[in-house]
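Each chain is listed here by its residues.
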Amino acid sequence: GASHLTADRVDDEQLVSSVAPLDLKAFDAASQDVRTRESLQTYYDSVLDWARVLGREYEPAPSRPGQGYYGDGGHREDSFRPICYAAMTNAFLAEITPPGGGASRAERDRMRREAIAALGYLVHSHQANGGTCLDGKPWGNQWQSAMWARSLGMAAWLLWDDLDDSLRLASVRVIEFEADRFLRQKPKSSLKNDTGAEENAWNAGLITLARCMMPRHPRAEAWDKAAKAYLYNTFSTARDAQDDSIGDDGRPVREWVTTVNAHPDFTLENHGLVHVGYLKNSHAMLLEGTVPYVLTGCDVPKACSHHAGDVLDVLLSCIGWEGSPIY
């Protein structure tokens with residue numbers, strides 16, 4: 001439970017004041033080149049299509065005023081992760097203006113209301129805030145819960161100016177709780193059958209969010225080091241143990257890498273095969289770790305691109321002309 005951090009507990013006011021509000025100008029696409037604007041508009045349109053489906057599935061949470069959810073509202077992956085994505089998606093569409101046409105004002109207002117309601121459900125059912133999901137069980141401190149917390153954290157950051165004090169506090173308590181786990185837990189090392197790459201990558205995404213969203217938090221520097229460690233150990237290979245090239249913080253790469261999760265040719269194994277899907281997802285999540293640094297104007301650590309180019313070369317050789325993976 002949350003009691004494991006009582007000795008280091010940051011009081012409510014200090015925690016909320018540690019947040020650096022997100023400058024939405026960081027999302028401005030008007031200054032980009034034509035090709036980039038077209039790509040961003042295509043991306044935006046696909047997200048908007050999904051959000052319009054979400055609008056038909058939204059449900060107010062029973063006996064929980066101001067909270068909402070999708071699906072069955074349970075605490076496990078298939079139930080909970082989609083609600084986190086829904087909150088982030090609606091928050092993005094409510095706050096961000098695309099290069100071309102976008103959602104109507106009425107749609108954006110609805111998406112903002114539903115994102116805030118879903119965020120309320122998500123954070124108040126986390127064990128850091130003492131609540132439970134609709135199935136009577138809390139979530140948090142689970143396999144993959146850092147990935148879910150990253151999505152709701154992005155939603156809270158995007159919507160920060162629209163959140164009341166209690167929802168701001170509950171949101172950052174969740175992010176803090178989940179990030180603190182990785183100050184004590186080492187990156188996963190697994191080469192055969194079940195790579196540790198994607199788990200290290202999604203954990204890193206949450207830690208980088210915490211570090212950049214709360215730069216004035218007493219543990220921000222500790223999160224910074226933990227984030228880099230998890231990033232370096234995403235596409236870790238046996239050769240990294242002898243890599244003397246200088247990485248982040250003046251330390252050689254070999255001092256950052258403590259695992260082996262990728263083969264020498266930068267392929268990964270999962271579910272008993274060399275898995276292009278897991279390679280692609282791990283690559284995407286590694287690069288997502290750069291997002292909080294970019295949005296806040298911070299220098300992007302070298303860790304965010306450790307072997308990213310090598311993996312991209314593999315992916316390009318395993319993707320058909322229409323974008324589907326070739327196993």
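Everything below is about the structure shown above.
Residues numbered from 1 in each chain as written. Predicted model: local features only at pLDDT ≥ 70, side-chain atom pairs only at ≥ 80, totals over all residues. Heavy atoms only, no water.

Peer 1: Hey, could you go over the pattern of salt bridges for me, with residue numbers and the actual values?
Peer 2: Scanning the model with the defined rule gives 21 salt bridges in all. The closest approach of N and O atoms between Glu176 and Arg173, which form a salt bridge, is 2.8 Å. Of this pair, Glu176 and Arg173 are both found in helix α6 (residues 165-180), three residues apart, which corresponds to roughly one turn of the helix. Beyond isolated ion pairs, a larger network of salt bridges with shared partners links Arg9, Asp12, Arg173, Glu176, Asp180 and Arg219. (Salt bridge = Lys/Arg side-chain N within 4 Å of Asp/Glu carboxyl O. Helix = DSSP H or I, 4+ residues; strand = E, 2+ residues; numbered from the N terminus.)

Peer 1: I'd like a rundown of the packing of helix α7 (residues 197-213) against helix α10 (residues 276-288), residues and numbers included.
Peer 2: Running from N to C, α7 and α10 point in directions that differ by 20 degrees, and their axes come no closer than 8 Å. One finds that α7 runs roughly parallel with respect to α10. The two elements α7 and α10 meet at a crossing, and its hand is left-handed. Side by side, α7 and α10 meet where Ala197, Glu198, Ala201 and Trp202 of the first sit next to Tyr278, Ser282, Met285 and Leu286 of the second. For the contact of α7 with α10, the class distribution of residues is six nonpolar, one polar and one charged. (Axes fitted to C-alpha atoms, helices over the stretch in contact; angles between N-to-C directions. Parallel < 35°, antiparallel > 145°, perpendicular 65-115°, else oblique. Left-handed = near helix turned anticlockwise from the far one by under 90°. Contact = heavy atoms within 4.5 Å. Nonpolar A, V, L, I, M, F, W, Y, C, P; charged D, E, K, R; others polar.)

Peer 1: Now, about helix α2 (residues 34-57): what can you tell me, with residues and values included?
Peer 2: If you check α2, its first and last C-alpha atoms are 35 Å apart, about what 24 residues at 1.5 Å a residue would give, namely 34 Å. Taken together, the buried positions of α2 are Gln41, Tyr44, Val47, Leu48, Ala51 and Leu54. Check the buried side of α2 and you find it contacts α3 (77-95) and α4 (105-124). (Expected span 1.5 Å × (residues − 1). Buried < 20%, exposed > 50% of the residue type's maximum accessible area, 1.4 Å probe, protein only.)

Peer 1: Which residues make up the environment of Ala86, and what are the values?
Peer 2: For Ala86, the position within the fold is in helix α3. When the C-alpha positions of Ala86 and Ser151 are compared, they lie 8.7 Å apart, and in sequence the two are 65 residues distant. Those residues in contact with Ala86 that lie beyond four places of it in its chain are Trp50, Leu54 and Tyr70.

Peer 1: Tell me about the packing of aromatic side chains, and please be specific about residues and values.
Peer 2: Tallied over the full model, the rule gives 12 aromatic pairs. Ring centres of Phe80 and Trp139 lie 4.5 Å apart, and the angle between their planes is 40 degrees; this geometry places the pair in the tilted category. Placement of the pair is Phe80 in helix α3 and Trp139 in the loop between α4 and α5 (145-158), with a sequence separation of 59 residues. Across the pair, Trp139 and Phe80 agree in class, each one buried. Ring centres 5.3 Å apart and planes at 75 degrees place the aromatic pair Phe182 and Tyr230 in the edge-to-face group. With a gap of 48 residues between them, Phe182 in the loop between α6 and α7 and Tyr230 in helix α8 (residues 220-232) connect regions that are remote in the sequence. Grouping residues by exposure puts Phe182 and Tyr230 together as buried. Every member of this aromatic cluster is reached through a ring pair, and the members are Tyr69, Phe80, Tyr121, Trp139 and Trp148. (Phe/Tyr/Trp six-rings, centres within 6.5 Å; stacked < 30°, edge-to-face > 60°.)

Peer 1: So what about the environment of Lys192? Which residues, and what values?
Peer 2: Note on placement: Lys192 falls in the loop between α6 and α7. Spatially, the C-alpha atom of Lys192 lies 38 Å from that of Phe92, the residues being 100 residues apart in sequence. Excluding residues within four positions of it along the chain, Lys192 makes contact with His263 and Glu269.

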